[in-house]
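The residues making up each chain are set out below.
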Amino acid sequence: MEDEKSPALRAGVDFRGTQNATMRVSEHVRPGRKRAPLLRYVRFNLPRATRLLLLFVVAVIGAASAAVALSDREPFAFAAPVLWAVCGVAVVFVAVGLLTSARIWAWGAALAVASLLVYLGGLAGDAPYVWNGASIVLAATWNVTLLASIGYLVLYSALRYGIIVAAPDDQNFMD
Amino acid sequence: MDLGFPWWLRVEHFLNLVFISFLVRSGIEILGTYPKLYRSQHTVAGTAWAQFTIQRAPKHKYYTVGGEYDDYSPRLSLPGRGLLGLGRYWHFITVTGFVSSWVIYFVLLIFTGQWRRYVPTSLDTFTQAGHDMLAYLAFTVPEAVEGMPFNAVQQLSYGFVILVLTPLVIITGAFQSPAIANYFSRLTRAVGGRQVIRTVHFLCLLGYVAFFVVHVLMVLIHGYAHETSKMVFGSTDLPVAGGIIFTVSLIVVVALHVVATRWTLADGRAVERLHNVVVRPWSNLLYRLPARMHYSRSNVSGEDVGLQNTTHNFRGSGRPPEAKEYLALMANGYDDDYVLEIGGYVERPMSLTIRDLRELADGHSQTTLHHCVQGFSSIGRWRGITVSDLLDLAGPLPGATDVVYTSFQNMGRDDALYEGGTYYESNPMIEARMPQTLIAFELNDEGAIPAKNGAPVRLRMETSTGFRSLKWLERIEVVNRYDIIGQGRGGYFEDADFYDRNQLI
């Protein structure tokens, strides 16, 4: 609603140059609806912490993949080179993330998807579960590749949706 | 000792389900009226670390704090629709039950020896918790520790929620009360001030929600009927009956929320009456805590300090009066024309100019933290004279019980957000006599109070929420009853909205 009580507007002074110059604007509200989708209301502006968190999750994926590759248990045939590849890419990813301000999050998502595919490969092969004869530590490490990958993809989705931002980006809150 | 699941523990578990769900929903309502979280007391625009709004504020126009509201759905918040006052009522009603229940639970834990179920008595518990975490990650279910009703991870997580998270959420909630925060002002400052406390309170909410999600997941993993049987009967002997009864209980909780929400939206005054019965008996005790805030990190003496901690741009809430007489006063710089009238039930009615007030104040000031009911804060150094000193000059007659302040502001005329008439506020005498209840005429040594902050003279009431510190003060009247003024609830927002006049929290 226009603010009819505005002294400026009543005096004929109109500063309206942008949509929300003199009134509040609700974003993301679809036509015919009163409110936006719930997650549109949530925005965190912790760019450096978010960047570190994303790098940490990828580091966990890499470390867990390396640990599985080092075990004497192959989830599927020729899994070791694939796991080492995931680990290697994770190392490069974390290094780039720490040493530059590049926006590399889509690459991280690709890595997470690759790790998920490795996990699915294990399901079709001989994944190191406890009920398959693996130790608890190895089974836990193997499952961490799944959980961390899902975790990264959830964070990446939140990033794409605007819930979180990673440095060098910023939510640019104005008010 | 057999720790088991005694009946009082099971009752507590169910009550917590009710209390915490009500606290979360009403808490979201409160958050929604100032849906921003900061690390700084000054709540500078653009510096929030989180926002929970889809609104963009006007950029070419002064906008008030009242415009910060976001309209959450009643399906999410209690009661929804930006009804802060009613959300607060529900929060405090539920807090009364939640804290009472927690204290009773804590005492029972201590005296029955059941504290052992949560407090690790050996470092081995932490080692075992590590093993249990590995077991969970390996998609297996770890065994309970011998003699314990659950495993080490559960023990530590339940212990954390009950003995750490809950006291933390209670303390950070309590310190959002202006009366408490401004009485224990050094503690408020030591932990980072109101916005840090507000942030921690919000993180506690996230902690509860995260615990709830994992807890429910674990119940499903361990077996719904098996676990709910323990919650209902204290043993796993009757899984089917336990599952059915607990499921029905969950449905009852959901029904309670639906009824509470609809009832609140239909009859807010009834919720207000319930609040007054449940909350006022303990919240009125806070009148015993006079504000003694002198805001400075370096201040240990309690004396007033300089401007180093004040907010450069003290946030405005409400729109300045547009009455001709007020605009004329403003045009003339107030000093020569403004007169504060003090009358009513007093021996010596008087009229005071700003010059008179300055002379009477004799340099007195207070540097205090403003507690907006919505959530923002600013720190201001206010020069003025205490209401108590003014009352001594005017001499209240026997039987005088309250002090009523009237503003130049007319809400329906001046602020598009509201309807209604003259803005007024009132104090019981005990609040008017508080050492930091002040008639202020200068902010931050700027020579005057800016128009948006209440020029030329305003009330400062540091024991209560911000809107009760009336701005653009025109007249003070001492009365022997306040309930025949306006709609009889003691103030504009008390009349037009749902706020308690005895608002110390």
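Not measured: the values here are computed from a predicted model.

Student: I'd love a proper account of the pattern of salt bridges, names of residues and values included.
Tutor: Pairs may arise between side chains of opposite charge once their charged atoms sit close together. This model, assessed by the stated rule, comprises 26 salt bridges over all chains. Between Asp126(A) and Arg73(A) there is a salt bridge, with the nearest N and O atoms lying 3.0 Å from each other. Of this pair, Asp126(A) sits in the loop between α4 (105–124) and α5 (136–161) while Arg73(A) sits in the loop between α2 (47–70) and α3 (79–99), placing them 53 residues apart in sequence. In this structure Asp126(A) comes out as partly exposed when scored by relative accessible area, which is 36%. Given the relative accessible area of 14%, Arg73(A) is considered buried. Connected via shared salt-bridge partners are Glu425(B), Glu431(B), Arg468(B) and Glu494(B).

Student: An account of the nonpolar core is requested, with residue identities and associated values reported.
Tutor: All names here are of chain B. Tyr338, Tyr405, Ile439, Leu473 and Ile476 are the most contacted members of the largest nonpolar core, which has 51 residues in total. Tallying contributions element by element places strand β10 (residues 437–443) first for this core, with five residues. Two domains each put at least three residues into this core: domain 1 (7–284) and domain 2 (291–496). With sequence-adjacent residues up to four places away left out, Tyr338 is seen in contact with Leu329, Leu352, Thr353, Ile354, Phe408, Pro456, Val457, Leu473 and Glu474.

Student: Any details on the pairing of β10(B)? Residues and values, ideally.
Tutor: Residue and element names in this part refer to chain B. Counting buried positions along β10 yields seven of seven residues, so the element is predominantly enclosed. Alignment of β10 against strand β11 (residues 458–461), held across four bridges, turns out to be antiparallel. Bridge pairing links Thr437 to Met461 in β11.

Student: Residues and numbers for the confidence of the model for chain B, please.
Tutor: Across chain B, the average pLDDT comes to 92, with 97% of residues at or above 70. Under a pLDDT of 50 for its full length, residues 297–302 of chain B has, in the predicted model, eleven contacts with residues more than four places off or in other chains.

Student: I'd like a description of the interface of chain A and chain B, backed by residues and values.
Tutor: The interface is formed by 42 residues belonging to chain A together with 43 residues belonging to chain B. Roughly 3700 Å² of surface becomes buried between chain A and chain B when both sides are summed, with 54% attributable to carbon and sulfur atoms. Run the count over chain A and chain B and you get two salt bridges. Among the salt bridges present, the one from Arg35(A) reaches Asp71(B), with a minimum N-O distance of 3.1 Å. Only α1 (7–10), β1 (25–26), β2 (43–44) and α5 of chain A provide two or more residues apiece to the side of chain A that touches chain B. When residues in the side of chain A that touches chain B are grouped by element, the largest group, eight residues, is from α5(A). Residues belonging to the side of chain A that touches chain B are distributed by class as follows: 25 nonpolar, seven polar and ten charged. Where β2(A) meets strand β2 (residues 50–51) of chain B, two bridges bridge the pair, whose relative direction is antiparallel. For Phe44(A), the partnering residue across the bridge sits in β2(B) and is Ala50(B).

Student: Describe the domain arrangement of chain B, naming the residues involved and giving the relevant values.
Tutor: Residue and element names in this part refer to chain B. Domain parsing of chain B yields domain 1 (7–284) and domain 2 (291–496). Centre-to-centre, using C-alpha coordinates, domain 1 lies 36 Å away from domain 2. Domain 1 puts 34 residues into the contact, and the matching count from domain 2 is 42 residues. Between domain 1 and domain 2, roughly 3100 Å² of surface is buried when both sides are summed, and carbon and sulfur atoms account for 47% of that area.

Student: Give me the lowdown on the packing of helix α1 (residues 7–32) of chain B against helix α7 (residues 194–222) of chain B, citing residues and values where you can.
Tutor: Residue and element names in this part refer to chain B. Packing of α1 against α7 leaves a shortest axis separation of 11 Å and a crossing angle of 135 degrees. By the angle between their directions, the pair α1 and α7 is classed as oblique. Between α1 and α7 lies a crossing whose hand is left-handed. Contacts between α1 and α7 involve His13, Leu17, Ile20, Val24 and Leu31 from the former and Arg198, Phe202, Leu205, Tyr208, Phe212 and His215 from the latter. Residue composition of the contact of α1 with α7, by class: eight nonpolar, two polar and one charged.

Rules and cut-offs
- Residues numbered from 1 in each chain as written.
- Chains lettered and ligands numbered in written order.
- Predicted model: local features only at pLDDT ≥ 70, side-chain atom pairs only at ≥ 80, totals over all residues.
- Heavy atoms only, no water.
- Salt bridge = Lys/Arg side-chain N within 4 Å of Asp/Glu carboxyl O.
- Helix = DSSP H or I, 4+ residues; strand = E, 2+ residues; numbered from the N terminus.
- Buried < 20%, exposed > 50% of the residue type's maximum accessible area, 1.4 Å probe, protein only.
- Core = buried A, V, L, I, M, F, W, Y, C linked by side-chain atoms within 4.5 Å.
- Domains from an automatic or database assignment.
- Contact = heavy atoms within 4.5 Å.
- Pairing = 2+ DSSP bridges.
- pLDDT = per-residue confidence, 0-100.
- Buried area = accessible area lost by both parts, 1.4 Å probe.
- Nonpolar A, V, L, I, M, F, W, Y, C, P; charged D, E, K, R; others polar.
- Axes fitted to C-alpha atoms, helices over the stretch in contact; angles between N-to-C directions.
- Parallel < 35°, antiparallel > 145°, perpendicular 65-115°, else oblique.
- Left-handed = near helix turned anticlockwise from the far one by under 90°.

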